[in-house]
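# What the coordinates show
Here is how the chains run, residue by residue.
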Amino acid sequence: MSGDVVRQRHSLAGWWVPLAWLALLLALSLGMGLLEGPLRVIEPDSRDVLYVRASFLALLGQHVMVVGLASLLAVLLGVGGAVAVTRPAGRDFLPLVTQLASIGQTFPPVAVLALAVPALGFGTLPIVVALLLYGLLPIVRNTLAGIQGIDPGVHEAARGMGMTPGQILRQVELPLAAPVILAGVRTSVTINVATAAIGATVGASNLGDPIISGIVNGNTAYVLQGALLIGLLAITVDSAFERLQRRVVRQG
Amino acid sequence: MQQARSKPNAVLLVLMLVGVVAWLTLPAISVAPNRIVPGTPQRAQEALGWGVALLATVPMLGVATLAWRPFTWHLRAALVLVVGLLAAMPLWLSGVAATLEAASRLGLGSALWLLLFLWLLALIELRARLALSRPLGWALLLPVLLAWWVCLMQWLAPLALYREYQVRSDQFVGAIGQHLALVGSAVGAALLLGVCLALAMRRRAGVRRVGFGILNFLQTIPSIALFGLLLAPLAWLASRVEWLAALGVSGIGWAPAWLALLGYSLLPMVRNTFVALEEVDPAVIEAARGMGMSQRQVFLQVRLPLALPVVLEGIRITTVQAIGLTAVAALIGAGGLGTFIFQGLGQAAMDLVLLGALPIIALALMVDALLSALADWLRQGGTT
Amino acid sequence: MIELFDVTKRFGEEVAVDAISLRVQKGELCVLVGTSGCGKSTTLRMINRLIEHSDGEIHLDGQPVRTFDEVTLRRRIGYVIQNTGLFPHWTVARNIGLVPRLLKWPRAQVRERVETLMALLGLPIEEFAAKYPHQLSGGQAQRVGVARALAADPEILLMDEPFGALDPITREALQHELLDLQARLHKTIVFVTHDMDEALALADRLVVMRQGRIVQQGPPLELLHEPVDDFVASMLGGDARGLKEAALTRVRDRMLPLGPRLLAHERVAVDVPLNQALSLMLWHRVDRLTVVDDDDIPIGELSLRRLVGSKA
């Protein structure tokens, strides 16, 4: 019982790393104008060195929205699916789903994105679907690995003590698999942040926009602005997940 | 065991029933008079009539029936049926193609894509249930590929994807070459550099910490951003250093792509090599030393051969990843199959997108299969 | 009371347990013993319905187990397994309190019960309550496992090779603790092991199983004296059976009151098993020992003739 008290004491300390990246990301998306001088050095020949077609904050918001939505759905479907195929009723599908999750990861994310377009058309929808599909794989794989990696004795004891299947899932399987699941979510989100940027080529507006338009117009300054912000976003998300993982592992 | 076996195989049942429904309800093909006009979707029964459409459901229902009592010989029969279905699809398409006018373009509809997917899943499921070996699994695809090839050569000229290919057959071969060259050279360099780095990391903890720190950091940066970030410094370098420019280095093109690929490839390569060398059973090393082998002999004759399968695993992961990343590199003018994807997306020509995306997936799958097989072979003691 | 009537378990074609009948009285410690794969674990797990039996009936206090809800049934039966099955993400205290919490006891009562059990099993609360399973030694973890099984004060305790993974010294200590506990708590215990010494040391009733059938059952001494066949005889130690029996008998049961003769020089404690007394005689090359009580005061003597139970 006193263990619970000890656990409560882990404070916010350590979260400053992701928060610092986040602050830098927000500062840069609001105050990119301050960088005009250095950018002009890189691209002396162009008239405009600041990407002004949309505000960076709006692009960032779009990016986070699309990735967030796809990732949320991927977590729900991925964890739900993996849980379903490890129950007695769905166990028939376990070998197929396991194989599919490992084969699917061989597919390059760009190719998945490219295939979603003919099926769903241009815009945000195909990106969300492609990110969702691709993001599912690491989550499914890790959830399966996490649940299957639990000591059979623990499972046996839980049943033997008279826990219901629901209680075993919620109190034993999911908490024990949590670190592995979280690692899968981290992989999934990291890939999605990157792949969403490529989505700018199929008509979604997000942080990939300045890069694509910079490449098309030969304006390196645009490219740099987009690249900086995406890089920062990726690092912010990744460091936040690292923090989260440490917390979960410490509890286990 | 007999009791367990006679329970219906729910997977095959579901796959086949979904297949039948998709086949009869979703558009199987789309026909367009030329490249510009979007195609008209047609369902299977609209293309070649109800008779043929219903005939095609027979094997699927057959597989479902066999799956009801999945004895071994039932599953074998189902396997034959599924391979037959996969091989019959190009024949059916050929039949459709024969009814079309010369200039029209035939596209695959959602029903056919879905069926391909479902049947391949059924194949995977059957392979697993019958415990067929990996080579045998691939061999099953041979008749299917043969059927597609023969049909493409003979009757499937109107297939839009094939048309796109014919227009650019030279470009296509060149793009595959570029793609492979970029992947090969970057992964090769990453292998050399990665092994050296891993060896250095084994010597010094400091190098290990800093090295993994940097590589992990690099891996989180999205590829498109890294390509972009490399543009400026490389352009600057090329404008200052003449011999670099003479080599073809510039802000866009192969140079930033290659550098970024190298950067991304290093992490999986170094990590696997390092782990492989570290995790050789200490008892084996101890025994080797106890027998009087020198440090050098221990490394070359014991540690390295034992680590090889895991190193190979690293090469596999790296190569598959690099094949995908190279596709993105097309955005900065590095060439390769990604060019078709982005051209296609730009022109809203979906068959062109497919012409890029499908070979990329095929390449990734092939490399994955080959290197996995090689690793398996090494693990079984195929060294020497 | 647990009763099995012609209970059979088939896995597909294979018969794991073949029409066995068994009655375990209330307060009895019944040990199922046999080589691996003889069906003893399967039998145990059919009692709390972790495995459903194919044929026959299993009754708990006269009521078929099939009529219980399986979850309710299991909460009424304590269960201890070899690798403890402690939940690695929970503290010792939380692990022990599992079943009471499942039964929705009030928090205070759960805490009180956990403290009682930790005291009962020699786990100081300050030291162990907040520890996680990976911080425990094998013996400590198994004590926690037993405490968890006893938490809701079940009538029945099922133990599946609970001490199988422990070193011999710890194992013996825990066997003694179990006997002490049993002397106080009077649970109905079914205990599975493949270790005959453990079985002999613990059992009120010994059940020898082979290939899914019960070959012989009864009090340990009865089996030692009258094994039904060579299999049981060899399971019980073959020609070493005499020593096994000696290990089950105390000096107290064979000693004679002090006689007129001189005290023998070598001494033996009164509650030591006979095999140790015999060992002392062999070691000192004597045929007589002086029996002493806890305070080392002579209270009797033991001769070799008495020790071997010679009628003359």
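Note that the structure is a prediction, hence the values are computed from the model and not measured. (Residues numbered from 1 in each chain as written. Chains lettered and ligands numbered in written order. Predicted model: local features only at pLDDT ≥ 70, side-chain atom pairs only at ≥ 80, totals over all residues. Heavy atoms only, no water.)

## Considering the interface of chain C and chain A
Many descriptions give the size of an interface as the accessible area lost when the pieces come together. Opposite the 28 residues of chain C that make contact, chain A presents 23 residues. Summed over the three residues of chain C that lose the most area to chain A, namely R74, F87 and H89 of chain C, the buried surface amounts to 22% of that side. At the boundary of chain C and chain A, one finds 1 salt bridge. Close ionic contact of E156 of chain A with R45 of chain C constitutes a salt bridge, the shortest N to O distance being 2.6 Å. Taken together, chain C and chain A are joined by 7 residue pairs in polar contact (both at pLDDT 80 or more). Of the residues belonging to the side of chain C that touches chain A, the class tally is 16 nonpolar, 6 polar and 6 charged. (Contact = heavy atoms within 4.5 Å. Buried area = accessible area lost by both parts, 1.4 Å probe. Salt bridge = Lys/Arg side-chain N within 4 Å of Asp/Glu carboxyl O. Polar contact = N/O pair within 3.5 Å; in protein donor to acceptor, adjacent residues only side chain to side chain. Nonpolar A, V, L, I, M, F, W, Y, C, P; charged D, E, K, R; others polar.)

## Section: the packing of aromatic side chains
Under the defined criterion, the tally for this structure stands at 8 aromatic pairs over all chains. Between F172 of chain B and F340 of chain B, the ring centres sit 6.2 Å apart and the planes meet at 20°, which makes this aromatic pair stacked. With F172 of chain B in helix α8 (residues 169-203) and F340 of chain B in helix α15 (residues 338-347), this pair connects stretches of sequence that are 168 residues apart. Feature note: the residues Y162, Y165, F172 and F340 of chain B constitute an aromatic cluster, connected by ring pairs. Taking NZ or CZ as reference, R210 of chain C lies 4.3 Å from the ring centre of F231 of chain C, over its face. (Phe/Tyr/Trp six-rings, centres within 6.5 Å; stacked < 30°, edge-to-face > 60°. Helix = DSSP H or I, 4+ residues; strand = E, 2+ residues; numbered from the N terminus. Lys NZ or Arg CZ within 6 Å of the ring centre and 35° of its normal.)

## A look at the domain arrangement of chain B
Residue and element names in this part refer to chain B. Domains assigned within chain B are domain 1 (10-160) and domain 2 (169-379). The C-alpha centroid of domain 2 is placed 36 Å from the C-alpha centroid of domain 1. Facing 6 residues of domain 1, the contacting portion of domain 2 comprises 9 residues. Summed over both sides, the interface of domain 1 with domain 2 buries roughly 540 Å², with 59% coming from carbon and sulfur. At the boundary of domain 1 with domain 2, the tally comes to 0 salt bridges. Inspection of the domain 1/domain 2 interface yields 0 residue pairs in polar contact (both at pLDDT 80 or more). Looking at the side of domain 1 that touches domain 2, its residues break down into 3 nonpolar, no polar and 3 charged. (Domains from an automatic or database assignment.)

## Description of the interface of chain A and chain B
Listed per partner, the contact involves 39 residues of chain A and 42 residues of chain B. Of the roughly 3400 Å² buried at the junction of chain A and chain B (both faces included), carbon and sulfur atoms supply 85%. When the buried surface of chain A facing chain B is broken down by residue, D92, L96 and T106 of chain A rank first, second and third, together holding 17% of it. Our count for the contact surface shared by chain A and chain B stands at 0 salt bridges. The interface formed by chain A and chain B contains 1 residue pair in polar contact (both at pLDDT 80 or more). Looking at the side of chain A that touches chain B, the elements that each hand over two or more residues are α5 (94-104), α6 (109-120), α9 (165-198), α10 (208-217) and α11 (220-251) of chain A. The dominant element in the side of chain A that touches chain B, judged by the number of residues it contributes, is α11 of chain A, at 10 residues. Considering only residue class, the side of chain A that touches chain B consists of 31 nonpolar, 6 polar and 2 charged.

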